[in-house]
Amino acid sequence: MGNEELNTASISVRGVLNTLAKNLNSDDPRPTITLGRGDPTEFAAFRGNEELNTASISVRGVLNTLAKNLNSDDPRPTITLGRGDPTEFAAFRTAPPAADAVSDALQSFKFNSYCPTGGVLEARRAIAEYLSRDLSGQLLPEDVYLTVGCTQAIEIIVSVLAPPGANILLPKPDYPQYEARASFDHLEVRHFDLIPEKGWEVDLDSVEALADNNTAAIVVINPSNPCGNVFTYQHLEKITETAKKLGIFVISDEVYCRLAFGSNPFVPMGKFSSIVPVLTLGSISKTWIVPGWRLGWIVKSDPNGILEKTGIVDSIKNYLDITCDPATFVQGAIPQIIKRTKESFFSNIIGIMREAVDMLYDMINEIPCLTCPNKPKGSMVVLVKLDLSALEGIDDDVQFCLELSKEESLIVLPGVTVGLKNWLRITFAVELEVLKEGLQRIKAFSQRHAKKQLGDDELISM
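The structure presented is a predicted model; accordingly, all values stated were derived computationally and were not measured.

**Q** What is the right way to look at the sheet that holds strand β3 (residues 167-172) in this model?
**A** In a beta sheet, neighbouring strands are held together by backbone hydrogen bonds and run either parallel or antiparallel to one another. Judged by pairing direction, the sheet is mixed, and its 8 strands sit side by side in the order β2-β9-β8-β7-β6-β3-β4-β5 without closing on themselves. Two strands in the sheet have a free side with no partner beyond their single neighbour: β2 (144-147) and β5 (201-202). Direction of pairing for β3 relative to strand β4 (residues 188-195): parallel, over a ladder of 6 bridges. Each bridged residue has a counterpart across the sheet, and for L169 the counterpart in β4 is R190. The sheet strands contacting helix α12 (residues 312-321) are β2, β7 (249-253), β8 (278-283) and β9 (296-301), and the helix crosses β2 at an angle near 30°.

Next up, the structure:
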């Protein structure tokens, strides 16, 4: 016999609705209307925003897809050369003084409140002073707006520039967050080329051909993700002169500003702000190897006050008023993070990167189906070209990466993710032994899928 207590205790919304449904008149031709339950899923107005689906191409999304294709029976550890996050490796551990500064800020109980628009004043001042070291002029605290990592900085800037009919110039290849956000905000994107044969320099002729009266800005990523190049002073100056000629301002993504290790020193775009207004995007994520701390910024370099006059600054402030802020205690730690971190921390990271780049460049050149047009000079990533004619049964970069993850438990990013089909983006910010093992797996995979060469007998028979 069933538990009768369940019967007496079973008064529920579902039970009552079922009872009422049994009482419906099946001869009534009108549709039944249900106002008795909190479930609106049958109505189109309560469906998800499909624009998020079309705008959701991202590094994270592609990496998740590749991870699902891994072979769970492979006993080898998975190697990920597809993302710029080396925090799992001891060699890339952040500076202890940075961690101590966060702990001190948290335990001071001074940073438990909401922060003012733009961020904690002491943090804004510290970042202004820190960035001014490489500029001819002095930034002020009010020139700095703190954000939840550089990702939110991108979201804010793109949204600010998205009135009806506007367009923005993005590099090809680029970091996909810009295009995804622009698509969501209905901001037209126009791509100018980066030229691999010239060290991924901007094709300034294509910039001029693309711009019109509705173009708001040009985005420059330096050091480059995904290309791994660092622009020279002379080339940056030419970019700003072109922007001035076109009547647009420059958005300079400088997340990797301290990670330049080649022959070209890093030059901040703010040096050229007397030519054209510059909005610099940055963060502590890559410089201090703490992407999970989510502290970024937007900095205006605009001695002529053009961004104020055009309402860009007010729009940034208004956006900040209706969005979330980076954790206040991380903001509170910024002055001491900057002050206490010794230069030896940064030089050590640069040394590791140089070794990694040397190894990567040499080993890539030993793989017939891959070409690295330029030895990386900065950032944590590089683009290598995929020669499909040397491979059997591989149709494009996406299939290459899917099969690679399945057969070798190795994840690299297909170039189509960053706007360049049949290229690969490889991250070298890993420990050297891991990088070596990963590149050896790529070589083994490429040899296994190499197109077979015809022997003499086969050629004669043809």
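**Q** I keep staring at the nonpolar core and nothing clicks. Help me out?
**A** The nonpolar side chains of a soluble globular protein tend to be buried, and buried together. One finds L161, W288, I316, F400 and I442 to be the most contacted residues of the largest nonpolar core, which totals 136 residues. Of all the elements, helix α14 (residues 343-364) adds the most residues to this core, at 11 residues. For L161, the residues in contact, after removing those within four places along its chain, are A166, I168, L187, A216, A217, F249, I251 and I312.

**Q** It is not clear to me how the pairing of strand β6 (residues 215-221) should be interpreted in this structure. Could you clarify?
**A** Regular strands have side chains that alternate between both faces of the sheet. Of all 7 residues that make up β6, 7 are buried, and the element is covered over most of its length. Pairing analysis gives 3 bridges linking β3 to β6, with the strands arranged parallel. In the sheet register, I168 faces β6, and the bridge partner there is A217. Alignment of β6 against β7, held across 5 bridges, turns out to be parallel. The partner of I218 across the bridge, within β7, is V250. In terms of handedness, the path from β6 via helix α10 (residues 233-246) over to β7 forms a crossover that is right-handed.

**Q** Explain the sheet that holds strand β14 (residues 423-427) to me, please; I cannot follow it from the model alone.
**A** The 4 strands are arranged β10-β11-β14-β13 in an open sheet whose pairing can be described as antiparallel. If you trace the sheet from one side to the other, it starts and ends with β10 (370-371) and β13 (413-414), each paired once. Judged from the 2 bridges that link them, β13 and β14 form a sheet pairing that is antiparallel. What sits directly across from L413, in β14, is R425.

**Q** Sorry if this is basic, but what is going on with the pattern of salt bridges here?
**A** Note that side chains of opposite charge can pair when their charged atoms are close. The tally for this structure, following the rule as stated, stands at 16 salt bridges. Ionic pairing is found between D185 and R181, a salt bridge with its closest N-O pair at 3.2 Å. With a relative accessible area of 17%, D185 lands in the buried category. Ionic pairing is found between K375 and D358, a salt bridge with its closest N-O pair at 2.6 Å. Placement of the pair is K375 in the loop between β10 and β11 (381-386) and D358 in helix α14, with a sequence separation of 17 residues. Residue D358 is classed as partly exposed on the basis of its relative accessible area of 36%. Each member of the salt-bridge network shares a partner with another, and the members are D74, R76, E407, E408 and R448.

**Q** Looking at this structure, I do not really get the packing of aromatic side chains. What am I missing?
**A** Geometry of an aromatic ring pair is reported as the spacing of the ring centres plus the angle between the planes. Tallying each qualifying case throughout the model produces 7 aromatic pairs. Taken together, a centroid distance of 5.3 Å and an interplanar angle of 80° make the contact between W288 and F346 edge-to-face. Linking W288 in the loop between β8 and β9 with F346 in helix α14, this pair joins segments that are 58 residues apart in sequence. By the burial criterion, W288 is buried, and F346 matches it. By the ring-pair criterion, three or more aromatic residues cluster together here, those being Y130, W288, F345 and F346. The ring of F346 carries the charged tip of R258 above its face, separated from the ring centre by 4.0 Å.

Conventions we followed
Residues numbered from 1 in each chain as written. Predicted model: local features only at pLDDT ≥ 70, side-chain atom pairs only at ≥ 80, totals over all residues. Heavy atoms only, no water. Pairing = 2+ DSSP bridges. Helix = DSSP H or I, 4+ residues; strand = E, 2+ residues; numbered from the N terminus. Contact = heavy atoms within 4.5 Å. Axes fitted to C-alpha atoms, helices over the stretch in contact; angles between N-to-C directions. Core = buried A, V, L, I, M, F, W, Y, C linked by side-chain atoms within 4.5 Å. Buried < 20%, exposed > 50% of the residue type's maximum accessible area, 1.4 Å probe, protein only. Right-handed = clockwise from strand over helix to strand, strands pointing away. Salt bridge = Lys/Arg side-chain N within 4 Å of Asp/Glu carboxyl O. Phe/Tyr/Trp six-rings, centres within 6.5 Å; stacked < 30°, edge-to-face > 60°. Lys NZ or Arg CZ within 6 Å of the ring centre and 35° of its normal.

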